[in-house]
Amino acid sequence: MEGEFRHKMKLITFAVPSYNSEAYMRNCIDSILKGGDDVEIIIVDDGSKDGTGKIADEYEAAYPTICRAVHQENGGHGEGVNQGIRHATGLYYKVVDSDDWGEPDACENAVNAMREYDADIVMWSYVSETENRSSRKVIFPETTVFEKEEVRAKLHRRFVGAMGEELSHPELVDSLCPVWGKLYRRSLIQESGARFVDLAEIGSYEDGFFNLEVFGKADRVVYLAAYLYHYRRDGSSSVTSGYNPRLYDQWQTLYDRMESLIRSNQLGSEYEAALNNRIALGILGLGLNITVSTQSMGKKVKDIHRIIRQERYRKAYKNLPLNYFPIHWKLFYGCARHGFAFGVYVLLTVIQRIISR
């Protein structure tokens, strides 16, 4: 099987990290197969408890020169992506979550853009799918080619944090991050040495940190104003879906890693300011994490007070340019700056109710 699978280098390697995905997995794999047979599909069964592993084996048996099943003990989505990188042989590399799907012409459009512009990475818009509705998500208003310094200023820096007008819509700050919204030149990933960091270490933002490393090596990136991917959103991965008692410490590790990357690559003051803004915006995520805990209101307010008085966060929201924010955000950070933890808590509970609707 190994020799048969690898007898010919494919155009694109698709990595499909899969955990308990039997309900959606066939739709996902079939959507890739519709794009043509010049692909290899690495289906990574992440220690699933349902029929995911069996389905992966079935596709490998049915498409021996295209599909390969890799079984691992549960290591998380990021380790599934890393397994795909280790086994990939294609010219390009693409990640597809096992409950999502792509448009039939997604591969053709992305590869054509890769070739036309001699690009390192191609990105696109997507459709967010929930049980009741579909909504189109636009990252940039039109198809755009980013060259060298534009890659640094408008894309790479943004993986660290938002600046200027980007702060006007803080809810969209990380819309650029998902790996499933990109086609990579595989050799670029090899050159960067980028791998996914375990979420147990950094808490969230594994896609963003991976892209921070990869985009640092890119010279040309193309954005397509086309809806090529359908992202099934159920909210289970959100920091507001359940209390994580380790989130504060995990995010400190994430920020430490970003600081180290900025220093070691001498990225400069704009990147430092962008990280400052990320840390300040992170107060919202940490606060929402606390509000969904089962602790008493008094303990929640005490924990919020501890965070907003911590030196790293005091420096962050002190330097956060509030002139770009809508009024409710200004009120939130005004309370934080003045150490008014109860006010921060009240605003967080309102935000939590809005999110939960």
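Not measured: the values here are computed from a predicted model.

Definitions and limits used
Residues numbered from 1 in each chain as written. Predicted model: local features only at pLDDT ≥ 70, side-chain atom pairs only at ≥ 80, totals over all residues. Heavy atoms only, no water. Helix = DSSP H or I, 4+ residues; strand = E, 2+ residues; numbered from the N terminus. Rg over C-alpha atoms; globule rule 2.2 N^0.38 Å. Buried < 20%, exposed > 50% of the residue type's maximum accessible area, 1.4 Å probe, protein only. Core = buried A, V, L, I, M, F, W, Y, C linked by side-chain atoms within 4.5 Å. Contact = heavy atoms within 4.5 Å. Arc of directions from axis to C-beta. Axes fitted to C-alpha atoms, helices over the stretch in contact; angles between N-to-C directions. Parallel < 35°, antiparallel > 145°, perpendicular 65-115°, else oblique. Nonpolar A, V, L, I, M, F, W, Y, C, P; charged D, E, K, R; others polar. Pairing = 2+ DSSP bridges. Right-handed = clockwise from strand over helix to strand, strands pointing away. Phe/Tyr/Trp six-rings, centres within 6.5 Å; stacked < 30°, edge-to-face > 60°. Lys NZ or Arg CZ within 6 Å of the ring centre and 35° of its normal. Expected span 1.5 Å × (residues − 1). Salt bridge = Lys/Arg side-chain N within 4 Å of Asp/Glu carboxyl O.

Draft legend 1. Expanded view of the overall build of the chain. Check the secondary structure of the chain and you find 15 helices and 10 strands. Its C-alpha atoms give the chain a radius of gyration of 21 Å, within 12% of the compact-globule value 21 Å for 357 residues. Projected onto its principal axes, the C-alpha coordinates of the chain cover approximately 65 × 45 × 35 Å. When each of the 357 residues of the chain is scored for burial, the buried share is 53%.

Draft legend 2. Inspection of the nonpolar core at higher detail. Ranked by size, the top nonpolar core spans 76 residues in total, and within it Ile121, Met123, Phe210, Phe215, Val221, Tyr313 and Tyr333 carry the most contacts. Top contributing element to this core by residue count: helix 11 (residues 269-291), with 11 residues. Residues in contact with Tyr313, not counting those within four places in the same chain, are Tyr248, Gln252, Tyr255, Ile279, Ile283, Leu286 and Ile307. If you look at the next biggest cluster of nonpolar residues, it comprises 37 residues, including Cys107, Ala110, Val111 and Ala113.

Draft legend 3. Focus on helix 6 (residues 148-156). Along helix 6, the residues that are buried comprise Val151, Leu155 and His156. Along the axis of helix 6, the buried positions cluster into a sector of 70 degrees, meaning they face one direction only. Tucked into the core, helix 6 has its buried residues touching strand 6 (121-129), strand 8 (144-147), helix 9 (206-215), strand 10 (220-232) and helix 11.

Draft legend 4. View of the packing of helix 11 against helix 14 (residues 327-337). It is at 12 Å that the axes of helix 11 and helix 14 come closest, and there the two elements cross at 90 degrees. With respect to each other, helix 11 and helix 14 are oriented roughly perpendicular. From helix 11, Ala280, Leu281, Ile283 and Leu284 reach across to helix 14, where they touch Trp329, Phe332 and Tyr333. Grouping the constituent residues of the contact of helix 11 with helix 14 by class yields seven nonpolar, no polar and no charged.

Draft legend 5. Local environment of the pairing of strand 3 (residues 67-72). When you tally the buried positions in strand 3, you get five out of six residues, the bulk of the element. Of the strand pairs in this sheet, strand 2 (residues 39-46) and strand 3 are connected by six bridges, and their pairing is parallel. If you follow Asp45 over to strand 3, its bridge partner there is His71. Taken together, strand 2, helix 3 (residues 52-62) and strand 3 form a β-α-β motif whose crossover is right-handed.

Draft legend 6. Spatial organisation of the packing of aromatic side chains. Considering all chains together, one arrives at 16 aromatic pairs under this definition. Between Tyr248 and Tyr313 the ring centres are 6.2 Å apart and the planes differ by 35 degrees, which places this aromatic pair in the tilted class. One end of the pair, Tyr248, is in helix 10 (residues 247-264); the other, Tyr313, is in helix 13 (residues 311-318), and 65 residues separate them in sequence. Tyr313 carries the same exposure label as Tyr248, and that label is buried. An aromatic cluster is present here, built from Tyr126, Trp180, Tyr229 and Tyr231 joined pairwise through their rings. The ring of Tyr205 has Arg278 lying over it, and the distance from NZ or CZ to the ring centre is 4.0 Å. One cation-aromatic arrangement involves Arg306 over Tyr248; the distance from NZ or CZ to the ring centre is 5.1 Å.

Draft legend 7. How the structure looks around the environment of Gly242. The residue Gly242 is located in the loop between strand 10 and helix 10 in this model. For the pair Gly242 and Thr89, spaced 153 residues apart in sequence, the C-alpha separation works out to 38 Å.

Draft legend 8. Just the pairing of strand 9 (residues 182-185), in detail. The sheet contact formed by strand 4 (residues 92-95) and strand 9 spans three bridges and is antiparallel. Looking at the pairing, Tyr93 lines up with Tyr184 of strand 9. Two strands pair when backbone bridges link them, and strand 6 and strand 9 are joined in this way by three bridges, in the antiparallel orientation. Counted as the bridge partner of Met123 is Lys182 from strand 9.

Draft legend 9. The arrangement of helix 12 (residues 297-308) in detail. Taking 1.5 Å per residue as the helical rise, helix 12 with its 12 residues ought to reach 16 Å, and the 17 Å between its terminal C-alpha atoms agrees with that figure. Turning to helix 12, its buried residues number three or more, namely Lys300, Val301, Asp303, Ile304, Ile307 and Ile308. Projected down its long axis, helix 12 carries its buried residues within an arc of 160 degrees, all on one side.

Draft legend 10. Looking closely at the pattern of salt bridges. Counted according to the given criterion, the structure contains 13 salt bridges. Close ionic contact of Arg312 with Asp256 constitutes a salt bridge, the shortest N to O distance being 2.8 Å. In this pair, Arg312 sits in helix 13 while Asp256 sits in helix 10, placing the two residues 56 residues apart along the sequence. Exposure remark for Arg312: the relative accessible area of 17% places this residue in the buried category.

Draft legend 11. Molecular detail of the environment of Asn276. Relative to the elements of secondary structure, Asn276 occurs in helix 11. Along the backbone, Asn276 and Val16 are 260 residues apart, and their C-alpha atoms lie at a distance of 34 Å. Discounting chain neighbours no more than four positions away, the residues touching Asn276 are Lys315, Ala316, Asn319 and Leu320.

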